[in-house]
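Residue-level structural notes
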Amino acid sequence: MSIPAMILVTPLVMAGLSLLVPNFAGPLTAAAQLLTLAFCGLLAWRVAAAGVLAAGWFYADAVSAFMLLTLSLVTCTAAFYSAGYLKAAGGGAAGRARELRRYYGQFNLFAFALLLTPLLSNLGLVWIALELTTLASVLLVGYENNARAVEAAWKYLIISTVGAVLGLWGTVLLYYAAVHGSVPYAGLDWPALSRLAGGFDPQVMKLVLLLVLIGYGTKAGLAPMHTWLPDAHGEAPSPVSALLSGAKTSVSFYVVLRFYFLVLATMGPLAQKFMLLFGLLSIVVAAAFILQQRDYKRLLAYSTVEHMGIAGIGVGFGTPLAIYGVLLHIFNHAVTKSLLFYAAGNISLKYKTREIAGVSGLLKNLPFTGAAFLAGVLAVTGLPPSGIFVSKFSILMAGFRTFPPAAVFLLVMVAVVFFGFLRSVNPMLFSRPAEPPPEAGISRWTTWAMAVSLIFIIGPGLFTPWPFTRLLDSAVAVFLGSCP
């Protein structure tokens, strides 16, 4: 069995086992996702050392391998966190076996769909896989089964479906451009399209880019179709919020990148201006809502919109340094935001509220969670020595060399978001507790998930291992056309 097949079979088998042994589904899912992470690491090592891996329908270049590493790391920590979170929240009770079957069955199907998307080279199949991520996660968003959760799930489904339809039209138009290009090609395979894209009709490709940025950008959290994201992230269980923010938006942005660089070969600088526009709009919208937010989970959700906007701006800058920074930023954001949602889950368990005003004395009442939350906030706002500082700095350096006004504006908005975050979390962390909150059992499973995430948040800011750097360099070369 090939490595891509093993990556996909593991969560599928675990989804079936979750239905048979629900009371053991938590630890088994954690073990399965750890195994999947090992397979993804093996594939990344293979691609970094020997180049593209093609096996049947599966295709893995450096970009695919990089995304698989990012996604599998988040799904692995989310699985560990889920095992402790559901138990502390009452999900481990014998009377809730049905809920455990539903949660872990869908969790593993969601992980399968996330990992499937980067392993496909045919952009039509990619559309199917990306839509499967929505269908597999929508019931997880409404897992709590209260009015607000159900409303958030329906909103997520409806807006994502609209985005999927627009993305499908973009894919259809791309096929039309390929068939009527200077060298006609009747297919949607990414490697072939990337070689022929320079001969496509620029007017058709302009529509493709617009439909892709609005359609697939909906799932990535880019404005103006981001409105599902705060509700879904806010109402979903915290490990699901971590998956949506760290994995779902990342893989969706990956799809946007695949299409964008095809359009770039046809449209040139005009495509960069489109991407800059959507990126700048996203960060402005996010900053406005961050400044007035009263719910700490929704605060983190709007931060996701901000970071997808930063990634979009970096793509618009277009230099090798900028693309390197964007890919590194996707990884850094995924692990940092997942940590913050894990901490938010512990806070919710302890204080029984999502209101910022209802949380005080966090560092005293939950020392490890409070410290992790503080580290995550400082990292997500771009302070050293976090990995996000490195990726933001790379994007800004590239911007000052290519689009200085956009880079200056980005720097100002980053400062605004930093102010908004500190104003919100300072009283949560450092104020004196009004009264002792009720006891809440914080499991070791959740502590392990947060500790691993902390390592990957700070590690890239201090040291980037050679295989990871080689993989990133190869991924940049793939997008810039220097290797297959």
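Residues numbered from 1 in each chain as written. Predicted model: local features only at pLDDT ≥ 70, side-chain atom pairs only at ≥ 80, totals over all residues. Heavy atoms only, no water.

1. Describing the overall build of the protein chain
What counts, and what does not: A run of DSSP states H or I qualifies as a helix once it reaches four residues; a run of E qualifies as a strand once it reaches two. Both are numbered from the N-terminal end. Restricting the calculation to C-alpha atoms gives the radius of gyration, and the globule rule supplies 2.2 Å times the number of residues raised to the power 0.38. Here the term buried applies to any residue with accessible area under 20% of the maximum for its type, exposed to any over 50%, and partly exposed to those in between, with areas from a 1.4 Å probe on protein chains only. Only the protein chains shown count as covering a residue, and every accessible area follows the Shrake-Rupley method with a 1.4 Å probe. The positive count covers Lys and Arg only, the negative count covers Asp and Glu only, and His and the chain ends enter neither. Every charge is mapped to an atom, namely NZ of Lys, CZ of Arg, CG of Asp or CD of Glu.
Across its full length, the protein chain holds 19 helices and two strands. Radius of gyration (C-alpha) of the protein chain: 21 Å, near the 23 Å computed for a compact globule of 484 residues. In terms of principal-axis extent, the alpha carbons of the protein chain reach across some 70 × 50 × 45 Å. In the protein chain, which comprises 484 residues, the proportion classed as buried is 60%. In the form shown here, the protein chain has an accessible surface area of approximately 17,400 Å², with 70% of it arising from carbon and sulfur atoms. Here the protein chain contributes 28 positive and 15 negative side-chain charges, whose respective centroids are spaced 4 Å apart.

2. So, helix α11 (residues 269–291)
Heads up, the condition is: Expected span of a helix, by definition, is 1.5 Å for each gap between consecutive residues, and there is one gap fewer than residues. Every residue pair with non-hydrogen atoms within 4.5 Å of one another is taken to be in contact.
With 23 residues, α11 extends 33 Å between its outermost C-alpha atoms, agreeing within 8% with the 33 Å of an ideal straight helix rising 1.5 Å per residue. Residues of α11 that are buried: Ala 271, Gln 272, Met 275, Leu 276, Phe 278, Gly 279, Ser 282, Ile 283, Val 285, Ala 286, Ala 287 and Ile 290. Summarising the contacts, the buried residues of α11 are in contact with α8 (202–220), α10 (238–267), α12 (296–317) and α17 (404–430).

3. Notes on the packing of aromatic side chains
What counts here: Between the rings of Phe, Tyr and Trp (Trp by its six-membered ring), a pair exists once the centres lie within 6.5 Å; its type follows the angle of the planes, with under 30 degrees stacked, over 60 edge-to-face, and the other angles tilted.
All chains considered together, the criterion is met by 19 aromatic pairs. Seen in terms of ring centroids, Phe 66 and Phe 468 are 5.8 Å apart; in terms of plane orientation they differ by 45°. Their pairing is tilted. You can see Phe 66 sitting in helix α3 (residues 62–88) and its partner Phe 468 sitting in helix α19 (residues 466–479), a full 402 residues away along the chain. We classify Phe 468 as buried; its relative accessible area is 14%. Aromatic side chains Phe 80 and Trp 445 sit 5.5 Å apart centroid to centroid with 40° between the ring planes, which places their arrangement in the tilted category. One end of the pair, Phe 80, is in helix α3; the other, Trp 445, is in helix α18 (residues 444–462), with 365 residues separating them in the sequence. One aromatic cluster is present, built from ring pairs that chain together Phe 66, Phe 331, Phe 456 and Phe 468.

4. Focus: the pattern of salt bridges
Between side chains of opposite charge, a pair can form as their charged atoms come close. Counted only if it meets this: Note on definitions: salt bridges are taken to be side-chain nitrogens of Lys or Arg within 4 Å of carboxyl oxygens of Asp or Glu.
On inspection of all chains with the given rule, the structure shows eight salt bridges. Its salt-bridge partner being Lys 219, residue Glu 131 comes within 3.0 Å of it at the nearest N-O pair. Note that Glu 131 is positioned in helix α5 (residues 123–141) and Lys 219 in helix α8, a separation of 88 residues in sequence. A residue is classified by how much of its surface remains accessible, and Lys 219, at 1% relative accessible area, is buried. Salt bridges sharing common partners tie together Arg 148, Glu 235, Asp 295 and Arg 354.

5. Examining the packing of α3 against helix α4 (residues 97–116)
This is how the line gets drawn: Orientation is described by axes fitted as lines to C-alpha atoms, over the contacting stretch for helices, and by angles from 0 to 180 degrees between their N-to-C directions. With respect to orientation, any angle under 35 degrees is reported as roughly parallel, any angle over 145 as roughly antiparallel, any angle of 65 to 115 as roughly perpendicular, and every other angle as oblique. Each residue is assigned to one class: nonpolar for Ala, Val, Leu, Ile, Met, Phe, Trp, Tyr, Cys and Pro, charged for Asp, Glu, Lys and Arg, and polar for all the others, Gly among them.
The interhelical angle for the contact between α3 and α4, taken along N-to-C directions, is 170°, at an axis separation of 10 Å. The angle between α3 and α4 falls in the class roughly antiparallel. Contacts from Leu 68, Leu 71, Ser 72, Thr 75, Ala 78, Ala 79, Ser 82, Ala 83 and Leu 86 in α3 reach Leu 100, Tyr 103, Tyr 104, Phe 107, Ala 111, Leu 114 and Leu 115 in α4. Tallied by class, the residues present in the contact of α3 with α4 amount to 13 nonpolar, three polar and no charged.

6. Considerations on helix α13 (residues 320–351)
With 32 residues, α13 should reach 46 Å at 1.5 Å per residue; the first-to-last C-alpha distance of 46 Å fits that figure. Of all the 32 residues making up α13, 29 are buried; the element is thus mostly covered by neighbouring parts of the structure.

7. A look at the side chain of Arg 258
What counts, and what does not: Pairs of N or O atoms are called polar contacts if they sit within 3.5 Å, as long as, within protein, a hydrogen donor faces a hydrogen acceptor (for residues adjacent in sequence, only side-chain-to-side-chain pairs).
Turning to its location among the elements, Arg 258 is positioned in helix α10. Residue Arg 258 is classed as buried on the basis of its relative accessible area of 4%. At 3.0 Å, the side chain of Arg 258 and the side chain of Asp 61 are in polar contact. In this structure the side chain of Arg 258 is engaged in a polar contact, spanning 3.0 Å, whose partner is the side chain of Tyr 254. Discounting chain neighbours no more than four positions away, the residues touching Arg 258 are Asp 61, Val 63, Ser 64, Leu 123, Trp 190, Val 478 and Phe 479.

8. Describing the environment of Leu 349
With respect to the helices and strands, the residue Leu 349 is situated in helix α13. Among the residues examined, Leu 349 registers a relative accessible area of 9% and is labelled buried.

9. Here's the deal with the environment of Leu 362
For Leu 362, the location among the structural elements is in helix α14 (residues 362–365). Once the C-alpha coordinates of Leu 362 and Asp 61 are considered, the two residues, 301 residues apart in sequence, prove to be 44 Å apart. When residues no more than four places from it in sequence are discounted, the contact partners of Leu 362 are Ile 347, Tyr 351, Pro 367, Gly 370, Phe 373, Met 428 and Leu 429.

10. Let's talk about the packing of helix α16 (residues 387–402) against α17
It is the contact of α16 with α17, at a shortest axis distance of 6 Å, that shows an interaxial angle of 145°. Contacts from Lys 392, Ile 395, Leu 396, Gly 399, Phe 400 and Thr 402 of α16 reach α17 at Pro 404, Ala 407, Val 408, Leu 410, Leu 411 and Val 414. Per-class residue counts for the contact of α16 with α17 are nine nonpolar, two polar and one charged.

11. What about the side chain of Thr 10?
Structurally, Thr 10 can be placed in helix α1 (residues 3–20). Apart from residues lying up to four places away in sequence, Thr 10 is in contact with Ala 32, Leu 35, Thr 36 and Phe 39.

12. Regarding unusual backbone geometry
Here the amide bond leading from Ala 223 into Pro 224 is cis, since omega sits at 10°, within 30 degrees of zero. Within the secondary structure, Pro 224 is located in the loop between α8 and α9 (228–235). Following Pro 384, the chain continues to Pro 385 via a peptide bond in cis, the omega torsion being 5°. With respect to the helices and strands, the residue Pro 385 is situated in the loop between α15 (367–380) and α16. Positive phi, normally seen in glycine, also occurs at Asn 145, with a value near 60°. The phi torsion at Lys 352 lies on the positive side, around 60°, for a residue other than glycine. Relative to the assigned elements, Lys 352 resides in the loop between α13 and α14.

13. Re the nonpolar core
The following threshold applies: Working definition of a nonpolar core: buried Ala, Val, Leu, Ile, Met, Phe, Trp, Tyr and Cys residues. They are joined through side-chain atoms within 4.5 Å.
Judged by nonpolar contacts, the single largest core of 171 residues is most densely connected at Leu 43, Leu 174, Phe 253 and Phe 373. Not counting residues within four places of it along the chain, the set of residues in contact with Phe 253 comprises Ala 220, Leu 222, Met 308, Ala 311, Gly 312, Val 315, Val 326 and Ile 330.

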